[in-house]
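# Survey of secondary and tertiary structure
Below are the chains, spelled out letter by letter.
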Amino acid sequence: MIPENLNYLKLYEERLEQTLLKHCTDQGTLDGKLLSTPDIDGCWMALAPEYLADAVPEIADYPLVALGWAMFLGLAMAKLWDTDWATYGKTPAETYRQMRNHRGFDCMDEYILEEVLRLDEENARRLTAHVQRCAQTVETAIRKEEVEPSTPLAFNIFTTSINVLYRFGAAIELQALGYRFERIDPKE
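Scope of this entry: the structure provided in the associated data block. Please read all numbers here as calculations on a predicted model, not as lab measurements.

### Looking at helix α7 (residues 152–176)
Counted at 1.5 Å a residue, the expected span for α7 with its 25 residues is 36 Å, and the 36 Å between its end C-alpha atoms agrees. For α7, the buried fraction is high: 21 of the 25 residues fall into the buried class. Taken from the residues just after α7, Gly 178 is the one with a positive phi, measuring 100 degrees.

Okay, structure coming up:
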C-alpha cells in the first residue's frame with residue numbers, strides 16, 4: 001500500500017473512533033473509554049477474511065448489514081470471552097462460522113442477540129437500534145470520504161470501518177458485563 005494511503009487510513013480510523021466514542025458515550029453504552037482486550041482484538045485477524053467474504057456482497061444493497069454485523073460479532077466475541085474463552089478463543093474463525101451458519105449471514109444478528117447475548121425482546125430491540133445508528137454513522141463517514149467505489153482505497157476504508165465497529169461492539173459488551181479500566185498498583 002502507498003504510504004500516503006496508510007497515513008490517510010490511520011487518520012480516518014482515528015476520526016471514526018472519536019465519532020463513535022462520542023456517540024456511544026452520549027447513548028450510555030460506553031463511558032468515554034474504548035474498552036479492549038488483546039484476546040478479543042486479536043481474533044479479528046482470524047475472523048476478518050470470512051466476514052469480508054460474507055459482507056462485501058451485501059455492501060451495494062444492504063450497507064448497514066455489511067457494517068453493523070461486524071459490531072454484532074464484536075458483541076458476541078466479548079460475551080464468549082467472558083463466558084468460555086478457553087473454548088471459543090482457540091478457533092475464532094470456526095466460532096464465527098457457527099454463529100453465521102445457524103441462521104445464515106442475513107440473520108446472524110438475531111442469533112447473536114437471542115442465543116449468545118441472551119437478551120430479552122426489549123433489550124434486543126434497544127441494542128439493535130443502537131447498532132443501526134452506529135452503522136449509519138459509519139456509512140455517513142465513508143460517504144464523506146468521497147472515495148471512488150470498487151477501488152483498493154474504498155476496500156481499505158471498508159475494512160478499517162468494520163474493524164472499528166467490531167472493536168466497538170466488543171467494548172460495549174465488556175462495558176455491559178461490568179468491566180472497567182482501572183489503574184493497578186503493582187506493589188499490591
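### Focus: a nonpolar patch on the surface
A contiguous nonpolar patch, built from Val 56, Ile 59 and Phe 155 and spanning about 220 Å² of accessible area, is present on the exposed surface. Residue placement: Phe 155 occurs in helix α7.

### Remarks on the nonpolar core
One finds Trp 44, Tyr 51, Leu 73, Met 77 and Met 99 to be the most contacted residues of the largest nonpolar core, which totals 58 residues. Those residues in contact with Met 77 that lie beyond four places of it in its chain are Ile 40, Cys 43, Leu 47, Trp 85, Pro 92, Thr 95, Met 99 and Tyr 166.

### Regarding the packing of aromatic side chains
In total, this model carries six aromatic pairs according to the counting rule given. Taking 5.6 Å as the distance between ring centres and 90 degrees as the angle between the ring planes, the aromatic pair formed by Trp 69 and Phe 72 counts as edge-to-face. Taken together, the residues span about one helical turn, with Trp 69 and Phe 72 both in helix α3 (residues 63–88) at a distance of three residues. Grouping residues by exposure puts Trp 69 and Phe 72 together as buried. Joined through ring pairs, the aromatic side chains of Trp 44, Tyr 51, Tyr 96, Phe 105 and Tyr 166 make up one cluster.

### Quick notes on the pattern of salt bridges
Taken as a whole and assessed by the stated rule, the structure comprises 15 salt bridges. Lys 10 is paired through a salt bridge with Glu 13; the nearest N and O atoms lie 3.8 Å apart. In this pair, Lys 10 and Glu 13 are both assigned in helix α1 (residues 3–27), three residues apart and thus about one turn of the helix distant. With a shortest N-O distance of 3.6 Å, Glu 115 and Arg 103 are connected by a salt bridge. Taken together, the residues Glu 115 in helix α5 (residues 108–116) and Arg 103 in helix α4 (residues 92–103) connect sequence positions 12 residues apart. One network of salt bridges, in which partners are shared, links Glu 50, Asp 54, Glu 94, Arg 97 and Arg 100.

### What to know about the environment of Leu 35
Topologically, Leu 35 is positioned in the loop between α1 and α2 (38–55). Sequence separation of Leu 35 and Tyr 51 is 16 residues, and the distance between their C-alpha atoms is 22 Å.

### Quick look at the layout of surface pockets
Empty space within the largest pocket amounts to approximately 550 Å³. Ile 59, Ile 142, Pro 149, Ser 150 and Ala 154 are the residues nearest the centre of the largest pocket, which is lined by 19 residues in total. Listed by contribution, the elements that provide at least two residues to the lining of the largest pocket are α3, α6 (121–144) and α7. In terms of residue class, the lining of the largest pocket is made up of 13 nonpolar, two polar and four charged. A volume near 310 Å³ is recorded for the second largest pocket. Along the wall of the second largest pocket there are 16 residues; nearest its centre are Thr 29, Asn 123, Arg 126, Leu 127 and Ile 172.

### Some remarks on the environment of Cys 43
Turning to its location among the elements, Cys 43 is positioned in helix α2. Along the primary structure Cys 43 and Met 77 are separated by 34 residues, whereas in three dimensions their C-alpha atoms are 8.5 Å apart. Each residue touching Cys 43, except ones within four places of it in the same chain, is listed here: Met 77, Trp 85, Pro 92 and Tyr 166.

Parameters at a glance
Residues numbered from 1 in each chain as written. Predicted model: local features only at pLDDT ≥ 70, side-chain atom pairs only at ≥ 80, totals over all residues. Heavy atoms only, no water. Helix = DSSP H or I, 4+ residues; strand = E, 2+ residues; numbered from the N terminus. Expected span 1.5 Å × (residues − 1). Buried < 20%, exposed > 50% of the residue type's maximum accessible area, 1.4 Å probe, protein only. Patch = residues over 30% accessible without salt bridge, like charges linked within 9 Å, V, L, I, M, F, W, Y side chains within 5 Å. Areas by Shrake-Rupley, 256 points an atom, 1.4 Å probe, with all protein chains shown as cover. Salt bridge = Lys/Arg side-chain N within 4 Å of Asp/Glu carboxyl O. Core = buried A, V, L, I, M, F, W, Y, C linked by side-chain atoms within 4.5 Å. Contact = heavy atoms within 4.5 Å. Phe/Tyr/Trp six-rings, centres within 6.5 Å; stacked < 30°, edge-to-face > 60°. 1 Å grid on protein atoms, 1.4 Å probe; cavity = no way out; pocket = protein on both sides within 12 Å on 5 of 7 lines; lining within 4 Å. Points joined across faces, edges and corners; volume = space filled by probe spheres on them. Nonpolar A, V, L, I, M, F, W, Y, C, P; charged D, E, K, R; others polar.

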